[in-house]
Amino acid sequence: QVQLVESGGGLVQIGGSLRLSCAASGFTFSSYFMSWYRQAPGKQRELVASITSGGITNYRDSVKGRFTISRDNTKNTVYLEMNSLKPEDTAVYYCNANFILWGEGTQVTVSS
């Protein structure tokens, strides 16, 4: 079964950290372009970070220096390490494979 399953979301205080995981199955993970998106209430879904099959990464400006995307092809998993979290990071975070496969999302809430 082809699927992406996110985990690791939750409630965190301002300045805190979370690590999101996305476990992939049913396809050749190592050859896929992987991304993390997020969608806040009332806003459009936006690209947060991406990583190529070769490990080249890219980030939206607002998370540069705070978020790190990585992948472990032996575990078919992509990660998003999030540090120095801000209230504006509050959103549902989605994993994406090759712009066509989506996970169900995991909620991240940053609160004081």
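Enquirer: I would appreciate a short explanation of the state of the cysteines in the present structure.
Expert: Counted according to the given criterion, the structure contains 1 disulfide. A sulfur-sulfur separation of 2.1 Å characterises the disulfide bridge that pairs Cys-22 with Cys-95. Every disulfide takes its handedness from the sign of the S-S torsion; for Cys-22 and Cys-95 that torsion is -85°, giving left-handed. Of this pair, Cys-22 sits in strand S3 (residues 18-25) while Cys-95 is found in strand S9 (residues 91-97), placing the two residues 73 residues apart along the sequence. Per residue, the accessibility class of Cys-22 equals that of Cys-95, and both read buried.

Enquirer: Looking at this structure, how should I read the environment of Ala-40?
Expert: Structurally, Ala-40 is set in the loop between strand S4 (34-39) and strand S5 (46-51). Sequence spacing of Ala-40 and Asn-73 is 33 residues, and the spatial spacing of their C-alpha atoms is 29 Å. Once you skip the residues sitting within four places of it in the chain, Ala-40 turns out to touch Thr-90 and Ala-91.

Enquirer: Could you clarify how one ought to interpret the sheet that holds strand S7 (residues 67-72) in this entry?
Expert: Strand pairing in a sheet takes place through backbone hydrogen bonds and is either antiparallel or parallel in direction. The 4 strands are arranged S1-S3-S8-S7 in an open sheet whose pairing can be described as antiparallel. Edge positions in the sheet fall to strand S1 (3-7) and S7, since each of these pairs with one other strand and no more. Ignoring strand direction, the axes of neighbouring strands in this sheet form an average angle of 15°.

Each value, and the rule that gives it
- Residues numbered from 1 in each chain as written.
- Predicted model: local features only at pLDDT ≥ 70, side-chain atom pairs only at ≥ 80, totals over all residues.
- Heavy atoms only, no water.
- Disulfide = S-S within 2.5 Å.
- Helix = DSSP H or I, 4+ residues; strand = E, 2+ residues; numbered from the N terminus.
- Buried < 20%, exposed > 50% of the residue type's maximum accessible area, 1.4 Å probe, protein only.
- Contact = heavy atoms within 4.5 Å.
- Pairing = 2+ DSSP bridges.
- Axes fitted to C-alpha atoms, helices over the stretch in contact; angles between N-to-C directions.

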